[in-house]
Amino acid sequence: MYKLKIIVSTVRPGRKGPLVAQWVAEEAQLNGHFDVEILDLAKIGLPLMNEAIHPIMKQYEHEHTKQWSAKIDEADAFIFVTAEYDYSYPASLKNALEYLMHEWAYKPSGIVSYSAGPFAGVRAVISLKADLINFRNVALAEGINIPTIGELINEDGVFVSNERLTAAATQMLTQLVRWTKGMKAIKEDQ
C-alpha cells in the first residue's frame, strides 16, 4: 500500500474542498493501492512561513513545521484538492508548499480542481503544476476538473459525483499508482 496524502487547500468558511476531498478519498480507497489520509490546511493551521532558515537546509525551528514535514515526508503520493482563487490556487496552499523542500521531491501528485463557475479551476491547476516542478514533484497530466461545484452538492451537504468525474478519478488514480511505483525507484536512487 502506498501512503497517499490528500491535501485540502482552502481555508475559508463555507469552502467546498473538504466535501470533494472526502469523495476523492473514497475513490482512492476503492482503488485498493492506497493508505489514504486527508490533510486539511484549515485544521492544520500553518501560520505564514516563519522559519528563519531556508527549507532546503531542513533545520526546522517550530513544532508546526516539524509536524508538517513528518506528514509530507512519509507520503508516497499526493492529491491536491483546490479551488481557484483569482486565477490561481489559494495562498494557504502556496504557504504550505513553501514550508518544505525535500519532502515533496520525487513524488507524484494528482490535482482535483473546482470552481463555482464553468472553468472548473483549470487556471489554478496551471499555476500549481508550474510551482510543483520546482519542488521536484511530478504533477500528473490526468486530473479531475469540477465546474459549477454547487450543482454537485446535495441537500445533505454531500458531494455527489457524476459519471464523467468518476471516470476521471479512476483514470487519475490508475496513473497515480503507476507514477508512484516509478518515483519510488527514482527517490531510492538519489
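As the structure is a prediction and not an experimental result, all values here were calculated from the model.

**Describing the pairing of strand β1 (residues 2–8)**
Working step 1: The buried count for β1 comes to 6 of 7 residues, which makes it a mostly enclosed element.
Working step 2: When β1 meets strand β2 (residues 34–40), the two strands line up parallel, connected through 7 bridges. Bridging across to β2, Lys 3 finds its partner in Asp 35.
Working step 3: Crossover handedness for the path β1 to helix α1 (residues 17–31) to β2: right-handed.
Working step 4: Of the strand pairs in this sheet, β1 and strand β3 (residues 77–83) are connected by 5 bridges, and their pairing is parallel. Among the inter-strand pairings, Leu 4 is bridged to a residue of β3, identified as Ala 77.

**Structural notes on helix α6 (residues 163–188)**
Working step 1: Between the first and last C-alpha of α6 there are 38 Å, a value that for 26 residues agrees with the 38 Å anticipated at 1.5 Å per step.
Working step 2: Looking only at α6, the buried set comprises Leu 165, Ala 168, Ala 169, Met 172, Leu 173, Gln 175, Leu 176, Val 177, Thr 180 and Met 183.
Working step 3: Between a side-chain oxygen at the N-terminus of α6 and the backbone nitrogen of Arg 164 the separation is 3.2 Å; the capping residue is Asn 162.

**Overview of the side chain of Ser 115**
Working step 1: Positionally, Ser 115 belongs in the loop between β4 (108–114) and α5 (122–132).
Working step 2: Only 2.9 Å separates the side chain of Ser 115 from the backbone oxygen of Gly 117, close enough to count as a polar contact.
Working step 3: When near neighbours in sequence (up to four residues on either side) are disregarded, Ser 115 contacts Ala 120, Gly 121, Ile 146, Pro 147, Thr 148 and Ile 149.

Rules used throughout
- Residues numbered from 1 in each chain as written.
- Predicted model: local features only at pLDDT ≥ 70, side-chain atom pairs only at ≥ 80, totals over all residues.
- Heavy atoms only, no water.
- Buried < 20%, exposed > 50% of the residue type's maximum accessible area, 1.4 Å probe, protein only.
- Helix = DSSP H or I, 4+ residues; strand = E, 2+ residues; numbered from the N terminus.
- Pairing = 2+ DSSP bridges.
- Right-handed = clockwise from strand over helix to strand, strands pointing away.
- Expected span 1.5 Å × (residues − 1).
- Polar contact = N/O pair within 3.5 Å; in protein donor to acceptor, adjacent residues only side chain to side chain.
- Contact = heavy atoms within 4.5 Å.

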